[in-house]
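Given next are the chains, with one letter for each unit.
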Amino acid sequence: MEAVKDLCLEVEEGETLVLLGTSGSGKTSTMKMVNRLIEPTSGRIKIQDIDVTDQNPIELRRGIGYAIQHIGLFPHMSIKENIGVVPRLLGWSPQGIDERVDALLEMVGLEPESFRSRYPAQLSGGQRQRVGVARALAADPPIVLMDEPFGALDPITREQLQEEFIQLQSEIQKTVVFVTHDVFEAVKMGDRIALLNDGVLQQLGTPAEIVESPANEFVDRFLGQHRFQLALLTRVIRPLVEPSEQPPKQRPEAYVLESHSIVEALDALKRTHADRVHVYDENGVYKGSVLRSRILDTIVAAIEPGTTSHASGDHE
């Protein structure tokens, strides 16, 4: 039985491609063929025009970051040793490893002085997952594979790490292949989504393309009753911003990034009881604000006649 059939797709440099599907859909098998944890039986997988089967599998894997759901940290190694595994195998100097470990711990929000000497058992689940992401980035690989990396976490920690990774990715611009069965996570994390079923690609496109224009009945059923929520998640706040050259003296509690959805903006308003949300770009530059009433009007417009296709599943 073939796990993946006639799959043809290309991942652009610097993008996050999400492989989405139910259990047994072929998403993890597809990802594992990239670093040859599963050997492809036919076809070709190329990284920068080089077929992965023409490379030594050990060397191939050392050049690809890998983060998984259950993290896989070595319990007998300190956090510093865990993060430094691949750089050490690649012959980095001890000083270079130390500097890289400290930089990565800071990057994932863990204070180096406090965490580098700890062991995995001394960390919370969220902290261990942060270390797992840091280890995947340790040798500065151009490609990172992530197999449901936040799936085992509680909802609050999971959402926090999703946000942190989105921010981190905007800075480091790695090519990421991200596996999940959660359509909300896929829409939030992915530049594009490849939806699989029984090893067959059902649709490849941006989150908005998949939510607004399902390619077939399976995609339509997969989105199901969540269509309206997903449609709002694919609508970013950027077009609603009223520009301003006068930023607040300090960043307000009610703020989002311009790439965030209108749902996330509304959540920020509900949390802070503010009447407007302030908007910044990914570099922290103030862009303006959006009134609560403007956001609510946009949500209402999405369910009025003529715009209900997002919610009802009716498409041309």
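See the structure printed just above.
Residues numbered from 1 in each chain as written. Predicted model: local features only at pLDDT ≥ 70, side-chain atom pairs only at ≥ 80, totals over all residues. Heavy atoms only, no water.

A.B. asks: It is not clear to me how the sheet that holds strand β10 (residues 255–257) should be interpreted in this structure. Could you clarify?
C.D. replies: Two pairing modes exist for strands in a sheet, parallel and antiparallel, and in both the strands are linked by backbone hydrogen bonds. The strand order across the open sheet formed by 4 strands is β9-β12-β11-β10, and the pairing between neighbours is mixed. Strand pairing shows two members of the sheet lacking a second neighbour, β9 (242–243) and β10, which therefore form its edges. Inspection of the sheet shows β10 paired to strand β11 (residues 276–280) by 3 bridges, in the parallel sense. In the strand pairing of β11, Val256 is matched with Val279. Its contacts with the sheet place helix α14 (residues 292–302) against β11 and β12 (286–291), and it is angled at close to 70 degrees to β12. (Pairing = 2+ DSSP bridges. Helix = DSSP H or I, 4+ residues; strand = E, 2+ residues; numbered from the N terminus. Contact = heavy atoms within 4.5 Å. Axes fitted to C-alpha atoms, helices over the stretch in contact; angles between N-to-C directions.)

A.B. asks: Any chance you could explain the packing of helix α13 (residues 262–272) against α14 here in plain terms?
C.D. replies: When two helices pack together, their arrangement is captured by the angle between the axes and the distance separating the axes. Direction vectors running N to C along α13 and α14 enclose 135 degrees, while the axes themselves pass 10 Å from each other. On the basis of their axis angle, the class for α13 and α14 is oblique. Crossing hand, α13 versus α14: left-handed. Along its contact with α13, which presents Ile262, Ala265, Leu266, Leu269 and Lys270, the element α14 presents Arg292, Ile295, Leu296, Thr298 and Ile299. (Parallel < 35°, antiparallel > 145°, perpendicular 65-115°, else oblique. Left-handed = near helix turned anticlockwise from the far one by under 90°.)

A.B. asks: Could you clarify how one ought to interpret the sheet that holds strand β8 (residues 200–205) in this entry?
C.D. replies: Here we have 6 strands laid out as an open sheet, ordered β4-β5-β6-β1-β7-β8, and mixed in their pairing. The outermost strands of the open sheet, each flanked by one partner alone, are β4 (64–68) and β8. Strand-to-strand twist of the sheet, defined as the mean angle between neighbouring strand axes without regard to direction, takes the value 15 degrees. Two strands pair when backbone bridges link them, and strand β5 (residues 143–147) and strand β6 (residues 175–180) are joined in this way by 5 bridges, in the parallel orientation. Looking at the pairing, Asp147 lines up with Val179 of β6. Relative to the sheet, helix α7 (residues 125–136) contacts β4 and β5, its axis offset from that of β4 by approximately 165 degrees.

A.B. asks: I tried to follow helix α1 (residues 27–34) on my own but got confused; where do I start?
C.D. replies: An α-helix turns once per 3.6 residues; consequently, residues spaced three or four apart project the same way. Here α1 lies mainly inside the structure; 6 of its 8 residues are buried. Buried within α1 we find Lys27, Ser29, Thr30, Met31, Met33 and Val34. Note on α1: the residue one or two positions beyond its end, Arg36, has a positive phi of about 65 degrees. (Buried < 20%, exposed > 50% of the residue type's maximum accessible area, 1.4 Å probe, protein only.)

A.B. asks: Quick question: what am I supposed to make of the pairing of β8 here?
C.D. replies: Looking along a regular strand, one sees the side chains alternate between the two faces of the sheet. Of the strand pairs in this sheet, strand β7 (residues 192–197) and β8 are connected by 5 bridges, and their pairing is antiparallel. Bridging across to β8, Ala194 finds its partner in Leu204. Between β7 and β8, which pair antiparallel and follow one another directly, the connecting turn spans 2 residues, one of which, Asp198, has a positive phi of 50 degrees.

A.B. asks: Sorry if this is basic, but what is going on with the side chain of Lys174 here?
C.D. replies: With respect to the secondary-structure elements, Lys174 resides in the loop between α8 (155–172) and β6. Lys174 gets classed as buried once you look at its relative accessible area, which sits at 9%. Residues in contact with Lys174, not counting those within four places in the same chain, are Gly14, Glu15, Leu137, Asp140, Pro141, Pro142, Val144 and Gln169.

A.B. asks: Is there a simple way to think about the environment of Pro155 in this case?
C.D. replies: Of note, Pro155 is situated in helix α8. For Pro155, a relative accessible area of 67% puts it in the exposed group. A sequence separation of 116 residues divides Pro155 from Glu39, and the C-alpha atoms of the two residues are 34 Å apart.

A.B. asks: Is there a simple way to explain the pattern of salt bridges in this structure?
C.D. replies: Opposite charge on two side chains lets them pair, provided their charged atoms get close. Under the counting rule described, the total for this entry stands at 16 salt bridges. With its nearest N and O atoms 3.9 Å apart, the salt bridge here joins Asp140 to Arg100. Of this pair, Asp140 sits in the loop between α7 and β5 while Arg100 sits in helix α5 (residues 94–107), and the two are 40 residues apart along the sequence. Between Glu264 and Lys188 there is a salt bridge, and its shortest N-O distance comes to 3.9 Å. Here Glu264, found in helix α13, pairs with Lys188, found in helix α9 (residues 183–189); they are 76 residues apart in sequence, far enough to count as distant. You can call Glu264 buried: its relative accessible area is 18%. Here the salt bridges do not stand alone but share partners, grouping Arg100, Asp140 and Lys174 into one network. (Salt bridge = Lys/Arg side-chain N within 4 Å of Asp/Glu carboxyl O.)

A.B. asks: Before we go on, may I ask you to explain the environment of Glu217 in this structure?
C.D. replies: Topologically, Glu217 is positioned in helix α11 (residues 217–223). Take Glu217: its relative accessible area is 62%, and that puts it in the exposed class. Note: C-alpha distance between Glu217 and Gln202 (15 residues apart in sequence) is 9.6 Å.

Honestly, that's just the spatial picture; any functional story needs more than this.
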